[in-house]
Structure formats: C-alpha cells, structure tokens
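Chain and residue survey
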Amino acid sequence: MRAPAKNRGRKTAPTISARLGGQLTLATHADGSIAAGFDGGYSVALGKFSAGAVDRAQGLRAGLPLGSFGPDGTAVDKEIDLLVRRLARRGLLEYRFRQSHDGDDQVVIEPQVPDYWPRTPKLNDADLIVLSRFAYLRRRGNEMVLESPRAGALFRICDPKIATAIAMLSTPQKVGRLRRQEGSPQAELLALLVDCQILFKVDAAGGDGLRSREGDDNLVFWDFHDLLFHARSTEGRHANPVGGGYPYVGVIPPLPAVRPCWPGKKIDLRKLPAARSEAISPFARLLGQRHSSRSYDDQQPITLAELSRFLDSTARVRSKWESQPDLDGSGPMIGYAARPYPSAGASYELELYLAVANCEGLARGFYHYDAGGHALTPIEVRAHELEALLTGAEYAMGAPAPPQILITIAARFGRVSWKYSSFAYELILKDVGVLMQTLYLMAADMGLGGCALGTNNIDLFSKMTGIEFHIEGPVGQFAMGRGAEPEAPG
C-alpha cells in the first residue's frame, strides 16, 4: 500500500553515535568489570556493570546512538551513559555522524582534547555563519580532515559534498539559505562545527572585519600559522603521538651526529696555540660545567633561599621605562621591564610558574613568580592537576621521580604579536631558548641540577590557571633541584 503523500520525502533525523576509537578493544570479565585495551597489552579499567549493560556495551564497537541512552533513562541506560562518559573523559571515543541510523558515515568526529562531547547549539535560519580563519581542510593518508587549533575535535570528511559545501562558508552565509541547497551540511552538522569553533556566528551589521569578530580581543593577535604551531607542537590540544617514538626506524637511516665536512681546503684551528688553563674565564668554565640533571636528592632538597637567589639572578625585573614607537608620533607609550636575559624587541613576554614538589621552606603547590616584586604567589589548583604536571615531567625526563621544582615558562603572546607580524611565535621560542640557557648556567653556578623538557600540556595549564590557551600558555619547561649525582653532559 502506498504511503500517504504527506509523508513522502520526509527527512530522517541524523544520528550521532559513539564508538571506540582507533584500535581500542573492550574487554569484559565475569564479575562485570570492563576495561579498554590498547595494543601492547595496556588497559584502562572502567568499572563494574550489570550483565545487561555489559551486553549492550558491545555495541560500542560499531557505535551506539547518543540518543539511545542517558542519565534519565532505564537503569541500563544510566550505566551505559556512565561508561560512555568515562571513555570520553579519557579521549577513547570517536563519533559517527550519519544521515540515518543505517546510513553511511558522512563525518567521523575525532576528539582532540579529553572530555570532548558532541554538542549542537541552536541555530536559526536567520543566523549568519562563516568559516573560522584558523580552520583548514587537509589530506591525512587517504582521508580528508577538517580541523582547527581552536577546536576540541577534528572532522574526518567521508562525503565529498560536505567538503564542497564547507568551502562556500569562506564568506558569511545564512543558515536557512544553506539548508535549502542540495548537498549542503545538515543543521546538526553545522551546529557541531559551530560548537568546535570551526564555524562562528557573525552579525550582519558588523562589516568585513571578520578577524576582530572571531573570539576575544587576544585572538586578534594570532596569525593562522602561529596558533597552529602552538597547538600542534605541544600536548593537550591534539591526539597525535608525542615524544620519542622513533617513527622513522626502518624507513630512513638516522643522520650522523656531526655534519659531513664541506669540500675544499680547511683551516685547521687545532694548530693554533691552545689557551692556558689558568687563562680560561669563569664563564667558559661555567659553560663546561653545564649539564642536564634528571635525578634529584630528595633527602637534601633545594631550599627557599636558594630558589630566591636563583630567580633573582635569572628572571627578576632589573629596570623599567617607557618608549613611543616610531609611528609618526601617533603611537601609544609602551612600557618595558628588562630582565637578566635578552628578549626580542625587549618584549619580555615570558612568565614563570613553579610546580613545587619538594623545597625546604616552601609548601608543595603551584606558584606564579612575580618578577617585578620578586615574590611567589600561590595559585589554588586541584591536587590531581599538580600531580599530573609533575608526573608528566618525570615521564618526559625518563627520571625515577618527579623533579623537586618544575618551572613552566609561559608566554603572554600578545606582548610580542602586538608589534611583530608573521614571525611572532618564532621570536617567542627564541626567547625561550635564551632563558633556558640562562637557567642552566645559573643552576650550574649554584651547584644545582637542571633539565630542559621538550613537552608542555597547554590544556592542563589552561585548567590550572583559568587562562585560555591563546592568551597566555606554556612554551617551555625546566626541571630543577639538588642533583643526586653528576650526570653525563646533555
């Protein structure tokens, strides 16, 4: 029998389903406990559940629609909601977006930060939306992905029509007009992209100044490539592998430790008279003594007095002045505050935050160093956040224990990018390198141990300070304390 005419062509509601990410497996045991398993035998315990929940959880391999469970449903619904939330909190899920429950994937959403959960804010037909200037579409293997350093998730595009429609949003478009076009993204997908800040709403009366209308004033400072590099070269805002994983073993041989010599006649400096040892300057000796210390003597920790001297010699403000930029006399007066190390344009944008694990005379906690007042200000953080920061440093160093003090070097990005274009972030990283060497040399001079770290977690720092990652964020870390024993140079 033919269906009534009024039902013909009715659009089915799209489905968002949660499923296990990557190569994860779900292991269940006779006592009802469930664990997520990784390659290599590592697993994460997720708790104990009823037989009905254990059976239904198997649907996570293919995907469970988010609308099929929740905290207000049956007992099993509540258990599944708890399980899925625990998986999401650890970044172990991805989400399928489909035209219907039985349809093909149009988009697969891959979380880039822990706690990501798909949200679809309300969009009206009259809303004007546009593509973020930080969003980009690229090839990843045989896939196309849409992402942004501001987004909590990336979108794997499975339907080429969606990529075409996204390109139309390089200029502001009304939601209602988009919805009437064949092959355009559904309202729910547009809402997901707005939630991830890949798209954003604009005011029709706002003119063409889209840069100033996206996000807060601090976001105006950022160029696309700088924010992308900041977010992708650190931990916390992407799901890519991080650290010494030796990804090219068996693909490309390692480069030699010393560069092969250039061809041509050489001037052998070794034939010149060697300097007498007594003529070597104290600074040259200090350079020779500098090394990385990854283990510390917790029976004799660094003292607060030593820490005060260390910070005074390396980071305290030495002088202040004001100057007007050369802008035909129309520029504002700019304040400056010099410190012991050089800085690009005398910006001195770097701030020190101390995670203290073991310091005689100073309580365990998280502190900001006030370089102007030479003081430490405690910042209230959750115990597990401080522990995560210190444990991350321990792991990054391959050390037997956390450092006595972990210094996080954070940048006030706008301090540099207000003046410089195209290479602001590069200048910040150069400043970090200069400060790192200053910290190393002072530690060596005081007989302390120090070690520069190559990782930062910008999302964890944001949670601990309450500062958005694009306003002020970590760009370096330095572990220090009283070294346990002499170590090889490095």
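The sections below set out a description of the structure shown in this document. (Residues numbered from 1 in each chain as written. Predicted model: local features only at pLDDT ≥ 70, side-chain atom pairs only at ≥ 80, totals over all residues. Heavy atoms only, no water.)

Focus on the overall build of the protein chain
To be explicit about the condition: Note on conventions: DSSP H or I runs of at least 4 residues are helices, E runs of at least 2 residues are strands, and numbering of each starts at the N terminus. For every residue, the accessible area (1.4 Å probe, protein chains only) is compared with the maximum for its type, and the residue is labelled buried under 20%, exposed over 50%, or partly exposed between those bounds. Note that accessible areas follow from Shrake-Rupley with a 1.4 Å probe, and for residues the cover is restricted to the protein chains shown.
Along the protein chain, the regular secondary structure elements total 14 helices and 21 strands. Counting only C-alpha atoms, the protein chain reaches 105 × 70 × 55 Å along its principal axes. Looking at the 490 residues of the protein chain, the share that counts as buried comes to 45%. Counting only carbon and sulfur atoms, one obtains 54% of the accessible surface of the protein chain, whose full area is about 26,200 Å².

Structural notes on the nonpolar core
Note the threshold: Buried Ala, Val, Leu, Ile, Met, Phe, Trp, Tyr and Cys residues form a nonpolar core when they are joined through side-chain atoms within 4.5 Å. It only takes one pair of heavy atoms within 4.5 Å for two residues to be counted as in contact.
In terms of nonpolar packing, the biggest core is built from 54 residues, with L60, L87, Y95 and F155 touching the most fellow members. Residues within four places of F155 in sequence aside, it is in contact with V107, V108, I109, M144, V145, L146, L189, L192, L193, C196 and I198. W222, I409, A411 and I458 belong to the second largest nonpolar core, which has 50 residues in total.

Notes on the packing of helix α10 (residues 304-314) against helix α13 (residues 424-445)
The cut-off we apply is this: For every element, the axis is a line fit to its C-alpha atoms; helices are fit only across the contacting stretch, and the angle between N-to-C directions ranges from 0 to 180 degrees. These descriptions rest on fixed angle ranges, namely under 35 degrees for roughly parallel, over 145 for roughly antiparallel, 65 to 115 for roughly perpendicular, and the rest for oblique. By convention the crossing between two helices is left-handed if the near helix lies anticlockwise of the far one by an angle smaller than a right angle, and right-handed if it lies clockwise. Residues are grouped as follows: Ala, Val, Leu, Ile, Met, Phe, Trp, Tyr, Cys and Pro are nonpolar; Asp, Glu, Lys and Arg are charged; all remaining types, including Gly, are polar.
Look at α10 against α13: their axes get within 10 Å of each other, and the N-to-C directions meet at 140 degrees. Classified by the angle their axes make, α10 and α13 are oblique. Where α10 crosses over α13, the two elements pack in a sense that is right-handed. Along the contact surface, α10 presents R309, F310, S313 and T314, while α13 presents L435, T438, L439, M442, A443 and D445. Among the residues forming the contact of α10 with α13, the class breakdown is five nonpolar, three polar and two charged.

Regarding the pairing of strand β4 (residues 43-48)
Counted only if it meets this: By the convention used here, strands pair only if DSSP detects at least 2 bridges between them.
The pairing of strand β3 (residues 33-37) with β4 spans five bridges and is classified as antiparallel. Looking at the pairing, A36 lines up with V44 of β4. With antiparallel pairing between neighbouring strands as the criterion, β3 and β4 make up a hairpin whose turn holds five residues, including G40 at a positive phi of roughly 95 degrees.

Things to note about the sheet that holds strand β21 (residues 472-481)
Pairing within the open sheet is antiparallel, and its six strands lie in the order β18-β17-β16-β19-β21-β20. At either end of the open sheet lies a strand with only one pairing partner, and these are β18 (375-379) and β20 (449-453). Neighbour to neighbour, the strand axes of the sheet diverge by 30 degrees on average, direction disregarded. Examined bridge by bridge, strand β16 (residues 350-356) and strand β17 (residues 365-370) share four bridges and lie antiparallel to one another. Across the sheet, the residue bridging to L354 is Y367, located in β17.

A word on the packing of aromatic side chains
Basically, it comes down to this: For this analysis, a ring pair means two rings from Phe, Tyr or Trp (six-membered ring only for Trp) whose centres lie within 6.5 Å, classed as stacked if their planes differ by under 30 degrees, edge-to-face if by over 60, and tilted for the remaining angles. Two thresholds decide whether a charge sits over a ring: the Lys NZ or Arg CZ must be within 6 Å of the ring centre and within 35 degrees of the ring normal.
A full pass over the atoms with the stated rule returns 14 aromatic pairs. Residues W321 and Y336 carry aromatic rings whose centres are separated by 5.4 Å and whose planes lie at 15 degrees to one another, so their mutual orientation is stacked. Pair noted here: W321 is in strand β14 (residues 319-323) and Y336 is in strand β15 (residues 334-338), with a separation of 15 residues, a long-range link. When the ring centre of W117 is taken as reference, the NZ or CZ atom of R85 above it lies at 3.8 Å.

Topic: unusual backbone geometry
Positive phi, normally seen in glycine, also occurs at D115, with a value near 80 degrees. Mapped onto the fold, D115 is located in the loop between β7 (105-111) and β8 (128-131). Judged by its relative accessible area of 44%, D115 is partly exposed. Although it is not a glycine, A346 adopts a positive phi angle of roughly 55 degrees. Along the chain, A346 falls in the loop between β15 and β16.

Some details on the pattern of salt bridges
As a reminder, the rule being used: A pairing counts as a salt bridge when a side-chain nitrogen of Lys or Arg comes within 4 Å of a carboxyl oxygen of Asp or Glu.
Counted under the stated rule, the structure contains 31 salt bridges. Here R156 and E110 are joined by a salt bridge, their closest N and O atoms 2.3 Å apart. Taken together, the residues R156 in strand β11 (residues 153-157) and E110 in strand β7 connect sequence positions 46 residues apart. In this structure, R156 and E110 share a single accessibility class: buried. Taking the relative accessible area as the measure of exposure, R156 reaches 14% and is therefore buried. Salt bridges linked by common partners bring R19, E94, R96, R98, D105, E110, R140, E143 and R156 together as one network.

Details of the sheet that holds strand β6 (residues 93-98)
If you walk across this open sheet you meet the seven strands as β5-β1-β6-β7-β11-β10-β9, and the pairing is antiparallel. Pairing within the sheet leaves two strands with one partner each, and these edge strands are β5 (64-65) and β9 (136-140). Judged from the two bridges that link them, strand β1 (residues 15-20) and β5 form a sheet pairing that is antiparallel. Bridging from a neighbouring strand, A18 pairs with L64 of β5. Relative to the sheet, helix α2 (residues 75-89) contacts β1, β5 and β6, its axis offset from that of β6 by approximately 110 degrees.

Comments concerning the side chain of T15
Among the secondary structure elements, T15 is positioned in strand β1. Contacts of T15, omitting those with residues within four sequence positions, involve P65, R96, F97, R98, Q99, S100 and H101.

Focus on helix α5 (residues 187-195)
Extensive coverage of α5 is indicated by the burial of seven of its nine residues. For α5, every residue scored as buried is listed here: A187, L189, L190, A191, L192, L193 and V194. Directly beyond the C-terminal end of α5, a positive phi value near 65 degrees is found at Q197.

A closer look at a nonpolar patch on the surface
Rule in force here: Patch membership needs two things, relative accessible area over 30% and no salt bridge, and members are linked within 9 Å if like-charged or within 5 Å if nonpolar (Val, Leu, Ile, Met, Phe, Trp, Tyr).
Together, Y248, V251 and I252 line one region of the surface with nonpolar side chains, adding up to about 350 Å² of accessible area. You can see V251 is positioned in the loop between α8 (224-232) and α9 (282-289). Residue class for V251 comes out exposed when judged on its relative accessible area of 58%.

What about the pairing of β7?
Burial analysis of β7 places seven of its seven residues in the buried class, the great majority of the element. As judged from the four bridges shared by β6 and β7, these two strands associate in the antiparallel manner. Its bridge partner being in β7, R98 is matched across the sheet by D105. Count of turn residues in the β6/β7 antiparallel hairpin: six residues. Relative to β11, β7 runs antiparallel, the two being bridged by five bridges. Each bridged residue has a counterpart across the sheet, and for I109 the counterpart in β11 is F155.

Interpretation in functional terms is not warranted from these geometric data alone.
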